[in-house]
Amino acid sequence: MNLTLIRHSIPDYSDILETDSTKKPTKAHLSKEGIALAHNNFKDIDFSKNEIVLVSPFIRALDTANILKGYVGDIPFIVEENLHEWLPDKNFVKEVKDIKPLYKDYILHNGESIEDVFWETDLETKKRVFDTLFKYKNYNNIIIVAHSRLFKVCFNLSKCDFASINYKEFYF
C-alpha cells in the first residue's frame, strides 16, 4: 500500500488558550498562514493515483483535508476516529497547560509507559493506527491527513513540517 502522509497545516491555538484553559487543542482551526501554506503545498502535486483520503477527527486536520479536497478530484474522504494525535492524557483530565510537561516526559521515556502516568505509549499509537489501516488493506494508494507524532511513531518520519507531504510504502 502506498501512503501519502500529509501533516495538518499551521493551527491557531490563540482562541483556545485565551478563552478557556480547559478547552482541548483538538478544537484549533488553521491559522491564516496555515491556510495559505496548505494551498501552496498542494497546488502542484499530482494526487490522481489516490483512491481514498483518511482524516484525523481533530479540527486542524479536518480543515487541512477540506483544503486538500480542491486538489484531489472526486475521491472519498473518511474521518477515522483512531487517526487522532498522540494522547498526552488517556483519561482526558489534564488542561492544555499541562500537555507540554507530559510531552517532555514522554520523549524522555522514549514513548514507553511509566508508573502513574497515563499518556498513550508508542506501542498503543501503532496498534490503533495499524488496526485502522487494516480496514483499507484492499486499497493501493491512500492519503492520510493527520499529525506529526503519529507519522513519526508509525512510519518513522524523522521530519514532518506543517502541511508537508511524505510518501511511504506500507505492508501488513
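Residues numbered from 1 in each chain as written. Predicted model: local features only at pLDDT ≥ 70, side-chain atom pairs only at ≥ 80, totals over all residues. Heavy atoms only, no water.

### A short note on the pattern of salt bridges
Oppositely charged side chains may form a pair once their charged atoms are brought near each other.
Then comes step 1: Summed over the entire model, instances satisfying the criterion amount to four salt bridges.
Then comes step 2: Note that Asp-131 is salt-bridged to Lys-127, the shortest N-O span being 2.6 Å. Highlighted residues: Asp-131 and Lys-127, both in helix α5 (residues 122-134), separated by four residues, approximately one helical turn.
Then comes step 3: With a relative accessible area of 42%, Asp-131 lands in the partly exposed category.
Then comes step 4: Residue Lys-127 is classed as exposed on the basis of its relative accessible area of 53%.
Then comes step 5: When the shortest N-O distance is used, the salt bridge between Lys-159 and Asp-161 registers 3.5 Å. (Salt bridge = Lys/Arg side-chain N within 4 Å of Asp/Glu carboxyl O. Helix = DSSP H or I, 4+ residues; strand = E, 2+ residues; numbered from the N terminus. Buried < 20%, exposed > 50% of the residue type's maximum accessible area, 1.4 Å probe, protein only.)

### Re the sheet that holds strand β6 (residues 141-146)
Then comes step 1: Taken in spatial order, the five strands line up as β5-β4-β6-β1-β7 in an open sheet, and their pairing is mixed. Two strands close off the open sheet at either side, each with one partner strand: β5 (77-79) and β7 (165-169). The sheet shows a mean angle of 25 degrees between the axes of neighbouring strands, direction not considered.
Then comes step 2: As paired elements, strand β4 (residues 52-55) and β5 share three bridges and run parallel to each other. (Pairing = 2+ DSSP bridges. Axes fitted to C-alpha atoms, helices over the stretch in contact; angles between N-to-C directions.)

### Quick word on the layout of surface pockets
Then comes step 1: As a volume, the second largest pocket reaches approximately 180 Å³.
Then comes step 2: The wall of the second largest pocket is formed by Asn-2, Leu-3, Thr-4, Asp-46, Phe-47, Lys-49, Asn-50, Asn-141, Tyr-167, Lys-168 and Glu-169.
Then comes step 3: Mapped onto the lining of the second largest pocket, the elements with two or more residues apiece are β1 (2-7) and β7. (1 Å grid on protein atoms, 1.4 Å probe; cavity = no way out; pocket = protein on both sides within 12 Å on 5 of 7 lines; lining within 4 Å. Points joined across faces, edges and corners; volume = space filled by probe spheres on them.)

### Some remarks on the packing of α5 against helix α6 (residues 148-155)
Then comes step 1: Put simply, α5 and α6 touch, their axes get as near as 9 Å, and they point 90 degrees apart. On the basis of the axis angle, α5 is roughly perpendicular to α6. Together, Asp-122, Thr-125, Lys-126, Arg-128, Val-129, Phe-130 and Leu-133 of α5 and Leu-150, Val-153, Cys-154 and Phe-155 of α6 make up the contact between the two elements.
Then comes step 2: Residues of the contact of α5 with α6, tallied by class, amount to seven nonpolar, one polar and three charged. (Parallel < 35°, antiparallel > 145°, perpendicular 65-115°, else oblique. Contact = heavy atoms within 4.5 Å. Nonpolar A, V, L, I, M, F, W, Y, C, P; charged D, E, K, R; others polar.)

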